[in-house]
Each structure stands twice: as C-alpha cells, then as structure tokens.
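If you want the building blocks of each chain, they are given just below.
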Amino acid sequence: MHGKATGWGTWHRTGIWLPRAGAALLFVLLWSLVVRLGDYPPFILPGPERVAARMWALAAEGSLWRHWWATAVEVGLGLGLGVAVGLILAYPLAHWRLFERMVAPYLVASQAVPIVAIAPLLIIWFGPGLLARVLVSALIAFFPVLIAAIAGFRQVPPEWRELFRSLQATRWQTFWKLEWPAALPTIFGGLKIGATLSVIGAFVGELISADRGIGFLIKQGQGLYDTPLVFGGILLLASQALLLYGVISALEHRWARR
Amino acid sequence: MTDRPILMARHIAHCYRTPRGEVRALREVSLTLRRGEFVCLVGPSGCGKTTLLRILAGLLHPTRGEVWLGDQPLRGPDRRIGIMFQKDSLLPWRTALENVRLPLELSGWPGPEAARRAQALLEQVGLQGFEHAYPRELSGGMQQRVALARALAADPEILLLDEPFATLDAITRERLNEMLIGLWERQRKTVLMVTHDVHEAAWLADRVLVMSPRPGTIVAEIQVPSPRPRGADRWSHPAFLQTVWAIRQALGDGGG
Ligand SMILES: Nc1ncnc2c1ncn2[C@@H]1O[C@H](COP(=O)(O)OP(=O)(O)OP(=O)(O)O)[C@@H](O)[C@H]1O
Ligand SMILES: [Mg+2]
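Predicted model only: the values in this text are computed from it and were never measured. Every chain is numbered independently, its residues counted from 1 as its sequence is written. Naming scheme: in the order in which they are written, chains are lettered from A and ligands are numbered from 1. It should be noted that, the model being predicted, local features are given only for residues of pLDDT at least 70 and side-chain atom pairs only at 80 or more, the latter also being counted only at that level, while totals for whole chains, interfaces and linings use all residues. Heavy atoms throughout the structure, all of them, feed into the side-chain values; hydrogens and water do not.

**Student:** So what's going on with the coordination of the magnesium ion (ligand 2)? Residues and values would help.
**Tutor:** Residues and elements named next belong to chain B. With water excluded from the atoms, a metal site may look incomplete; its donors are any N, O or S atoms within 2.8 Å, or within 3.2 Å for Na, K and Ca. The protein atoms that coordinate the magnesium ion (ligand 2) are Thr50 (OG1) and Gln86 (OE1), at distances of 1.9 to 2.4 Å. In this pair, threonine 50 is assigned in helix α1 (residues 49-56) and glutamine 86 in the loop between β6 (81-84) and α2 (96-106), connecting sequence segments 36 residues apart. Each residue gets one of three labels from its accessible area relative to the maximum for its type: buried under 20%, exposed over 50%, partly exposed in between, using a 1.4 Å probe on protein chains only. The class of threonine 50 is partly exposed, set by a relative accessible area of 30%. On the accessibility criterion, glutamine 86 (34% relative accessible area) is partly exposed. Secondary structure is summarised from DSSP: a helix means a run of H or I of at least four residues, a strand means a run of E of at least two, and numbering begins at the N terminus for each.

**Student:** Residues and numbers for the interface of chain A and chain B, please.
**Tutor:** At the interface, 17 residues of chain A touch 22 residues of chain B. The term buried area denotes the loss of accessible surface (1.4 Å probe radius) that occurs when two parts are joined, taken as the sum for both partners. Between chain A and chain B, a total of about 1,900 Å² is buried, with carbon and sulfur atoms accounting for 61% of that surface. Where Glu162(A) meets Arg54(B), a salt bridge forms, and the shortest distance between an N and an O atom there is 2.8 Å. Each polar contact in these results corresponds to two N or O atoms within 3.5 Å; when the atoms are within protein, one needs to be able to donate a hydrogen and the other to accept it, and residues that are neighboring in sequence are counted only if both atoms are side-chain atoms. At the junction of chain A with chain B, the criterion picks out eight residue pairs in polar contact (both at pLDDT 80 or more). Those elements giving two or more residues to the side of chain A that touches chain B turn out to be α7 (158-166) and α8 (171-208) of chain A. Of the residues forming the side of chain A that touches chain B, the biggest block, seven residues, is contributed by α7(A). Just so you know the grouping, Ala, Val, Leu, Ile, Met, Phe, Trp, Tyr, Cys and Pro go in nonpolar, Asp, Glu, Lys and Arg go in charged, and all remaining residues, Gly too, go in polar. Partitioning the side of chain A that touches chain B into residue classes produces eight nonpolar, three polar and six charged. What makes two residues a contact is simply this: any of their non-hydrogen atoms within 4.5 Å. Here, a salt bridge means any side-chain nitrogen of Lys or Arg that lies within 4 Å of a carboxyl oxygen of Asp or Glu.

**Student:** Explain the packing of aromatic side chains to me, using residue names and the numbers behind them.
**Tutor:** Each Phe, Tyr or Trp ring, with Trp reduced to its six-membered ring, pairs with another whose centre is within 6.5 Å; inter-plane angles below 30 degrees give stacked pairs, above 60 give edge-to-face pairs, and intermediate values give tilted ones. All told, the structure shown has 17 aromatic pairs over all chains when counted by the stated rule. Between Trp160(A) and Trp93(B), the aromatic rings sit 5.5 Å apart at their centres with planes inclined by 85°, giving edge-to-face as the arrangement. Residue Trp160(A) is located in helix α7, and its partner Trp93(B) is located in the loop between β6 and α2; the two belong to separate chains. By relative accessible area, Trp160(A) is classed as buried at 12%. Judged by relative accessible area, Trp93(B) falls into the buried class, the value being 17%. To sit over a ring, a charge needs its Lys NZ or Arg CZ within 6 Å of the ring centre and within 35 degrees of the ring normal. The ring centre of Trp17(A) lies 4.6 Å from the NZ or CZ of Arg20(A), which sits over that ring.

This is how it looks when you write it as structure tokens:
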C-alpha cells in the first residue's frame, strides 16, 4: 500500500513538517492548560485564544502588517549593513596583524557596551528616523559576522594557499576562488547569530524611539496593560527571527554545502 | 630524450624558523634533472623531501643555495613546473572537473576550452563518468587521480610529485603507478617523484636519489639499468633486485 507510490521525497517532507506542527500544537495546548489551571487574569497571562483574537483585531484594522513590515525593513537593512561592514572589515583584519592590533580594541569595546546604552546616543546623533534604528541593528549584527569571517579567512588550509601560490593566482583570484568559498561555511555560522541579533537591535531601536514597528506595539501594549498585544508582539518578533533563520539556512544549503 | 639539464639545485640548505628555535631541514643538496627523465627521491620520514620539493617548485626560498630552471635562476612559482602535494589538496566545493579546470581558469583560459581540456585529462586518468562528482564522493585513489590530472592541466614541463599515492593500498598504488608510467611514456615530461617505497623507486625511475635523515643531504645516486617497459616480470630480473638492494643499502648507510 504505502512506499513506492508516495515516494521517498513526499515522505521526507511530511517527515519534517509533521513533527514541527505537532510540537507547535503541543506548545499551544500546554500554554492554554497553564492559563486554565492557574486561572490567571488575562493581563498577567492571556491564553492563546485571547492573543489570537487581539492579533486578528489588529490585522483587521490593517495595522498588523504595517508594524510587521516596519520592523522587517529595519531588520533587513540593519543585517545587510552589518554583514557588509563585517565582511569588508574581516578581510584586512584577517590578513594584516598591525591593522588588527589597531582596530580590534575598538571593535571589542563597541560590543562590550550594552546596545541599550548606545542606542539613545545614535538616536540623538541621527534623529528619530529609520536610519538610527537601522544603525542600532547593524551595530550588533556585524560583530558575529566579522568574527566568523576572520576565522574563516584565517583557517584556509596552508596546503590550499600553497596550491594557489604554485598556480600563480593573483590576490583577487585567491580571494574569489579560494578564501571566499573556503570561509563561506564559517561565515554562515556567524550570519545566523547576526540575523537573530539584528532583530533584537531593530527592536531595541524601536523601544527607544519609533512610531511604528513591533517594538512600538509592545511598548504600547505595556503602557495600556494590553498583555495580549505584548504577547502577540513577541510572537511577531519570533516570526521574523525564524523567517530570517530559515532563509539563511536555505542559502547555506545551496552555497556552502560540503 | 636529451641530456639537457632542465632543473638544477645548487648547494641548497634550509632552516625553518619556529618559535621554539631553528629546525635544520636540509643540510646540502645539489641535483640536476634532465629533460624527459623520471627521477625518484627516497629518504626516511622527516628528512626534508617535501621541503626540497617546495624549494624546487619556487614555493620556498632556501636559506642557502639556488635553483635554476633552464638557464635562469628560479625566483618563485613558475608555470613550467607542476606540483602534486602529499596531502590531498582538492577543493571540496568543486567537482572533479572543476578541480582539474582550476589551473586553466587561473591562467585565463576561456571556459568551454578549459572544460574540454579538463574532460580530456580526466579521461586520461581513467575517471570518465566522474566529472561531476565532489571529492568526498570519490575514493582516495580517485581523488589522487584528480589531483594528478590537475597537476597536468597547465601542461608543465616538469612534474614534482610528493608521495602521490602513499596513502593508498598496495594494489591501488600499483595501478596508479602503471597509469603514471603510461602517461609519462606518452608525454615525456620530466618527473621528480618522492616516495618512501624502495620497490616503487626501482620500478619507476631512471635514477634514484637517496637522502640521509634530517638534516637531509643526498647520500647516493643510483642509476636504474632495467630496460623498459618494466612489467610485473621485473621481479624476476636480477638487475631489478640489485637496484632495490642498492637503494636499501644507501638508506641504511645514511642512517649510521
Ligand atoms: N613549515 C615548517 N615549519 C617548521 N618546521 C618544518 C616545516 N615544515 C617541515 N618542517 C620540519 O622540517 C623537517 C623536514 O620536513 P619535510 O616535510 O620536508 O620532511 P619529509 O622528508 O617530507 O617527511 P615525510 O616523508 O614524513 O613527508 C621536519 O623535521 C619538519 O618537522
Ligand atoms: Mg613529505
């Protein structure tokens, strides 16, 4: 009966999605069970149906998508900028020790100070618009990408470098045909961390100054004791991180298979 | 076959500088490769064979001495010299064909032509049908064939082989050596091959250079008189066994 007709591919797919859907269902069930057993008031712990209803209302008035998109744009631009800066800095840092010694302390310091402390400064400097929030996001997203790329460029096996040297490859050829593909799997590791951080960065930026976005929604929910809205906002944030992670994993599968 | 020297090393010595002090790898090495000949270099592990090969390939500047390619001193890597490394050096993100094509890509060959040549080379080493396989999908022996095809891709005059088949089992190694000799007999490149294996050296080479333990120097040069082709019946030739014995003894002397 089963087997050949369905084919392994189909089974493989349901094989991934079935447990995922099951886990999600289990999560929701546990959640509503806790709410019911504990008999919590909705402003402390709303049940999943209340959160869903609140989100539905928001979607119906048309602002859900607007807020989601506002944050998504900040995340996308922040991560893009962070990745670009991280990669561009990584190459000279990996190759020139002197440059590394000069620049590394500042890079480390930029990460040691909490982002919530730097964000207000960026908003004072660049105004309360999109730019400041993108910068906050980029500022924490670039670091893991930078560190991963430096490690990736440095870990290129000396045998391969010697091969390229024996073939008289130019610096540019060595980069495109050796260092970049060799470092790519490592870079993807950093990119995944950077992606989740970029969501946090955009959110922090919105908490401090924004008139839209998921951070704005959550702050509003907090002010109004609209706990279902806060919960919904958290789920929206998670959805962005998951989506980004999924896209990056797919790219990794395509480009950095080993 | 002519007797014209093509690659010469004169009084080479090399010390590696490490944080823990200097390592004397080569004491004093002079050698001459003549056009079209097949030379084997044998020596105990760690005596500086790879070091010597890297120097001859222009990848490493010797602490002392110099290398001549034809009538010019060797200043760095040169397209006339192809090298095949001891450790597997295939790029895992490239297919067999793409690995072989790499040297051609780097010297600016147009794509289709490079692909055609790479294809032909893979056929020469008996890998037709595996063009699009990734290195991890190939056996150790197949990987070394790809590496050999890659070393041949840019059509170098001199081929430096660093224990090309050392990690393979005896049967596979024998097959690949037969293939290598076949290629050499057709193309008459100048070959310098490092090996641990005394029999292999006596079988393949016109001439065998024997090195002492580290810091290495060449302690003997043994001409191999056996006529070619040297089939499996070589084992019944006294001359072959004498060569094997001579190499053995030279290795032993170096150890004293
Ligand atoms: N990059 C390096 N830095 C420091 N020392 C090195 C380096 N490469 C080799 N050596 C040392 O030089 C000596 C000779 O090494 P080499 O690799 O040339 O030996 P080999 O004859 O090829 O050995 P094997 O037969 O095991 O491959 C060894 O003692 C080794 O430890
Ligand atoms: Mg060696």
